[in-house]
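# Topology and contacts: notes
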Amino acid sequence: MAQQARPKDIRIICGLGNPGPEYASTRHNAGFATVDALAERHGARYWKSEAGCMVARCTMRAPEGTREVLLAKPQDYMNTSGGPLSKLLRQEKASAQEVLVVHDEVDLAAGTVNVKFGGGLNAHNGLRSIANKLGTRDFARLRFGIGRPPGKMQVADYVLRTLKGSYLQEFKLEAQDAATLAELVIERGVQAAIDR
């Protein structure tokens, strides 16, 4: 069996979501919400279009002092986000092990965030697209728990429903928690974030 690659220092944080204002306040855009929270915290106000992604650069605390980190939001739909991300990695001369992918996770309770490296794709179309385009599952993921849909609601309806009121407030707080965990990944490494 092939040896699993080891995580490296993260240079790119890629949030998954769907572009367009109609998706902005949906659970499926957990990755975008997290990256936006990081941009706000670290003063990255200038977004530009590169390799099919909206990107912003910021400086974050790291073991070596500080590190420039590229924040990215692929502008294809979730199911094809691997294309823009693979282009961006080629442009930045970065490996799959240097990217942290932030995504919504129905199998984690809402409000739970954790980090894993490699492993299964859990029927997540965004992760599947990325694994296919990068040719590996060996990349770090920050899993943003959104819980399972209530009753007989379909997962697609649940993740794409616009959040309002207290649901939206809760979601924004969870995005802040995910951003804090992403900072830990940069500051102490992927393994430290997994072990926390």
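This section reports on the structure supplied with the text. (Residues numbered from 1 in each chain as written. Predicted model: local features only at pLDDT ≥ 70, side-chain atom pairs only at ≥ 80, totals over all residues. Heavy atoms only, no water.)

In terms of nonpolar packing, the biggest core is built from 40 residues, with I10, I13, L71, L100 and L142 touching the most fellow members. Top contributing element to this core by residue count: helix α5 (residues 165-188), with 10 residues. The contact partners of I10, leaving out residues within four places of it in the chain, are R67, Q97, E98, V99, L100, A140, V185, I186 and V190. Residues C53, A94, V101 and L127 belong to the second largest nonpolar core, which totals 21 residues. (Core = buried A, V, L, I, M, F, W, Y, C linked by side-chain atoms within 4.5 Å. Buried < 20%, exposed > 50% of the residue type's maximum accessible area, 1.4 Å probe, protein only. Helix = DSSP H or I, 4+ residues; strand = E, 2+ residues; numbered from the N terminus. Contact = heavy atoms within 4.5 Å.)

Overall, mixed pairing links the seven strands, which are arranged β2-β3-β4-β1-β5-β7-β6 in an open sheet. What marks the edges here is a single partner per strand, and that holds for β2 (48-50) and β6 (113-117). When strand polarity is set aside, the average angle formed by the axes of neighbouring strands in this sheet is 35°. Of the strand pairs in this sheet, β6 and strand β7 (residues 140-145) are connected by five bridges, and their pairing is antiparallel. By the bridge assignment, V115 is partnered in β7 with L142. (Pairing = 2+ DSSP bridges. Axes fitted to C-alpha atoms, helices over the stretch in contact; angles between N-to-C directions.)

One pass over the full model with this rule turns up two aromatic pairs. Here the aromatic rings of Y23 and Y77 are separated by 6.0 Å at their centres, their planes lie at 75°, and the arrangement is edge-to-face. Taken as a pair, Y23 in the loop between β1 (12-15) and α1 (30-41) and Y77 in the loop between β4 (65-74) and α2 (82-92) lie far apart in primary sequence, 54 residues in all. Since its relative accessible area comes to 46%, Y77 is described here as partly exposed. A cation over a ring is seen here: K73 above W47, with NZ or CZ 4.3 Å from the ring centre. (Phe/Tyr/Trp six-rings, centres within 6.5 Å; stacked < 30°, edge-to-face > 60°. Lys NZ or Arg CZ within 6 Å of the ring centre and 35° of its normal.)

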